[in-house]
Amino acid sequence: MVGRVTEASVDSQRRGFAWRSLVGPGAVLGGVAVGSLVVAFRDPNEAGHYPTCPFLLLTGYYCPGCGMMRLVHALTHGDVGTAFGFNPLLFLLLPVFGYLYVRWTVLAARGLPMRSALFRPAVAYAFLGLLIVYWVVRNLPFGQALAP
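Residues numbered from 1 in each chain as written. Predicted model: local features only at pLDDT ≥ 70, side-chain atom pairs only at ≥ 80, totals over all residues. Heavy atoms only, no water.

### Some thoughts on the packing of helix α4 (residues 68-76) against helix α6 (residues 88-109)
The N-to-C vectors of α4 and α6 enclose an angle of 60 degrees; their axes lie 10 Å apart at closest approach. Comparing their axes, α6 and α4 come out oblique. Along this stretch, α4 crosses α6, giving a crossing that reads as right-handed. Mapping the contact onto sequence places M68, L71 and L75 in α4 and L90, F91 and L94 in α6. (Axes fitted to C-alpha atoms, helices over the stretch in contact; angles between N-to-C directions. Helix = DSSP H or I, 4+ residues; strand = E, 2+ residues; numbered from the N terminus. Parallel < 35°, antiparallel > 145°, perpendicular 65-115°, else oblique. Left-handed = near helix turned anticlockwise from the far one by under 90°. Contact = heavy atoms within 4.5 Å.)

### Quick word on the nonpolar core
Within the largest apolar cluster, five residues are counted, these being L71, A74, A83, F86 and L90. Of all the elements in the fold, those that place two or more residues in this core are α4 and α5 (80-86). Among residues more than four places away in sequence, those in contact with L90 are M68, L71 and F97. (Core = buried A, V, L, I, M, F, W, Y, C linked by side-chain atoms within 4.5 Å. Buried < 20%, exposed > 50% of the residue type's maximum accessible area, 1.4 Å probe, protein only.)

### A short note on the layout of surface pockets
When its volume is computed, the largest pocket comes out at roughly 500 Å³. Lining the largest pocket are 20 residues, and of these V28, V32, S36, L94 and F97 sit closest to its centre. Within the residue set of the lining of the largest pocket, elements represented by two or more residues are α2 (23-41), α4 and α6. Tallied by class, residues from the lining of the largest pocket come to 16 nonpolar, four polar and no charged. Of the pockets and cavities examined, the second largest pocket occupies roughly 390 Å³. (1 Å grid on protein atoms, 1.4 Å probe; cavity = no way out; pocket = protein on both sides within 12 Å on 5 of 7 lines; lining within 4 Å. Points joined across faces, edges and corners; volume = space filled by probe spheres on them. Nonpolar A, V, L, I, M, F, W, Y, C, P; charged D, E, K, R; others polar.)

Written as structure tokens, this is what we have:
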């Protein structure tokens with residue numbers, strides 16, 4: 001009976017598809033875990049461990065990502081207040097990234113594509129605008145609280 005499809009074979013194919021579809025979320029989780037461990041054990045506050053931000057090096061101004069590795073280092077050591085001070089915008093976006101990751105993983109396990117209202121063009125443009133304003137303000141004298 002070659003080519004006969006049974007419920008058991010269809011069910012095993014579905015489970016196999018779900019596991020294969022979790023490769024992307026698993027790879028991202030692994031990358032974030034490894035990166036966090038490296039930054040946890042190699043202090044970015046000490047000179048010589050990591051290269052300087054290219055934008056900061058060339059212009060003398062902070063980019064929106066400046067302070068990100070020090071934020072991760074502080075979080076991995078449980079220092080939430082210091083982490084917030086290094087990059088407030090990224091700190092406030094961490095729950096959003098966590099939500100999107102969990103949603104992606106759950107949808108992937110169900111074999112569904114990732115969709116979210118946060119991916120709509122209006123939201124993306126608003127986020128880009130926020131990022132540009134943050135970038136400029138953290139480099140102005142009155143925005144020094146946003147600088148790392």
